[in-house]
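Close look at the chain arrangement
One-letter residues, chain by chain:
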Amino acid sequence: MAHIWPIGGGKGGSGKSFITSSLGRLSAGLGRRTLVIDLDLGAANLHTLVGVPYPSKSFSDFLYKKVARLDDAIEETPFENLFLISGAQDHFDIANLPYEQKVKILRAITKLDYDAILLDLGAGTSFNTLDFFLASQNGIFITTPEPTSIENVYRLIRSVYFRRIRYCFRISQFKALEEKAIERFGEGAFNRPECIMSVVAQDYPESHRELRNDFDAFRFRLMVNQLRKRDNTVLGLHICRVIEKHIGLRVEFTGNVSYDDHVHDAVCQRVSFLDRYPYTKTAGELRAASRQIFQPTGRQLMLQCV
Ligand SMILES: Nc1ncnc2c1ncn2[C@@H]1O[C@H](COP(=O)(O)OP(=O)(O)O)[C@@H](O)[C@H]1O
Ligand SMILES: [Mg+2]
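Small disclaimer: the values here were computed from a predicted structure and weren't measured. Throughout, a residue's number is its position along its own chain's written sequence, starting from 1. Key to labels: chains lettered from A, ligands numbered from 1, both in the order written. Reporting of local features is limited, given that this is a predicted model, to residues whose pLDDT is at least 70; pairs of side-chain atoms are given and counted only at 80 or more, and all residues count toward the totals for whole chains, interfaces and linings. Excluding hydrogens and water, the side-chain figures rest on all heavy atoms present in the structure.

A closer look at the packing of aromatic side chains
Under the convention used in this document: The criterion for an aromatic pair is that two Phe, Tyr or Trp rings (for Trp, the six-membered ring) have centres within 6.5 Å, with stacked assigned to planes under 30 degrees apart, edge-to-face to planes over 60 apart and tilted to the rest. Only DSSP runs of H or I reaching four residues or more are called helices, and only runs of E reaching two or more are called strands; each is numbered from the N terminus. Throughout, exposure labels follow a simple rule: accessible area from a 1.4 Å probe, protein chains only, divided by the maximum for the residue type, with under 20% read as buried, over 50% as exposed, and the rest as partly exposed. Our definition puts a charge over a ring when NZ of Lys or CZ of Arg is within 6 Å of the ring centre and also within 35 degrees of the ring normal.
Enumeration over the complete set of coordinates arrives at 11 aromatic pairs. Aromatic pair Trp5 and Phe294: ring centres 4.9 Å apart, planes at 85°, arrangement edge-to-face. On the criterion of sequence distance, the pair formed by Trp5 in strand β1 (residues 3-8) and Phe294 in helix α13 (residues 281-294) is long-range, its members being 289 residues apart. A single burial state applies to Trp5 and to Phe294, both of which are buried. Measuring from ring centre to ring centre gives 5.7 Å for Phe215 and Phe218, while their planes differ by 50°; the resulting arrangement is tilted. The lysine or arginine in question, Arg163, covers the ring of Phe127, its NZ or CZ lying 4.2 Å from the ring centre.

Here's the deal with the site of ligand 1
For clarity, the cut-off: Residues are counted as near a molecule or strand when any one of their heavy atoms sits within 4 Å of it. For this analysis, a polar contact is any N or O atom pair within 3.5 Å, provided that within protein one partner can donate a hydrogen and the other can accept it, and provided that sequence-adjacent residues contribute only side-chain to side-chain pairs. To measure how exposed things are, a 1.4 Å probe is used in the Shrake-Rupley method; for residues, cover is taken only from the protein chains shown. In this classification, Asp, Glu, Lys and Arg are treated as charged, Ala, Val, Leu, Ile, Met, Phe, Trp, Tyr, Cys and Pro as nonpolar, and every other residue, Gly included, as polar.
Around ligand 1, the surrounding shell holds 14 residues, and the nearest of these are Gly13, Lys16, Ser17, Phe18 and Asn225. In this structure, an oxygen atom belonging to ligand 1 sits 2.9 Å away from a side-chain N or O atom of Ser17. A distance of 3.0 Å separates a nitrogen atom of ligand 1 from a polar backbone atom of Asp260. Here ligand 1, which alone exposes 560 Å², has 80% of that area covered by the protein. Listed by contribution, the elements that provide at least two residues to the shell around ligand 1 are α1 (16-29), β7 (220-227) and α11 (261-269). Ranked by residue count, the leading element in the shell around ligand 1 is α1, at three residues. When the residues that make up the shell around ligand 1 are grouped by side-chain class, the tally is four nonpolar, eight polar and two charged.

See the structure below:
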């Protein structure tokens, strides 16, 4: 079964698509059949970053039943072993995907026969983005060093965590949990996953154990992209510590990726940054991150909502 890496971040422009295309390129370069999927359907542009300026197929071919199987929406890129499902011709926002369609997509993705599948997710915390994150234990969160981006990625991670807890309970049960959390921790507690978890621990010890096991199995990662010279190089580590302290969720810091104007040049020239500028610090950092991310772990894909 393929390993799936959902890649997202709270904020547009943080470099999700750039990182997805770079990790895809590096994974394919190792001889692994790699598929990158553009799930930022409202603002799809991954195709441009993997050398396919005019995709002939797209995700909507599958959603609108123009093709029967998701395989038929896949196209080759100029890079050996690297394949793409583009979101280019999709005019709707993925946030609007009905539940049944989302389940259909997730099922179809898990059936694809690739060594690595990378999902380029849209910004924000829509339920669909959260569910795509929870389709795998290997989520990668991208932020820049700017406080606005950090704030958004923190909110996204909290939301993913919250969504996972939510899956465990029926609507009425969850409502009761929220009320108890408010009773115990005051107004606003219904919106704080750590308070809900504390109530779960007391009222549903079995579900609490299940959730804890699940959270322990997650291998979430954080990358800080577009780090400039004067930025704090250990910022990513601090963010991971804060998340662990406040939410109790372990997120691994996968390293910094420096800001480099050559990225802009490569995008404008429509060439692969890694191929055109392989000796830059940024390219070296991307390679280091990919070694860490793609090291074999034996972990298997997990599907929560299918
Ligand atoms: N490390 C970096 N150094 C310089 N520019 C970068 C870097 N990462 C991304 N960019 C630039 O930031 C912009 C947004 O990147 P993109 O990957 O499209 O963001 P997102 O998918 O998160 O919206 C692009 O113009 C890209 O060239
Ligand atoms: Mg993008």
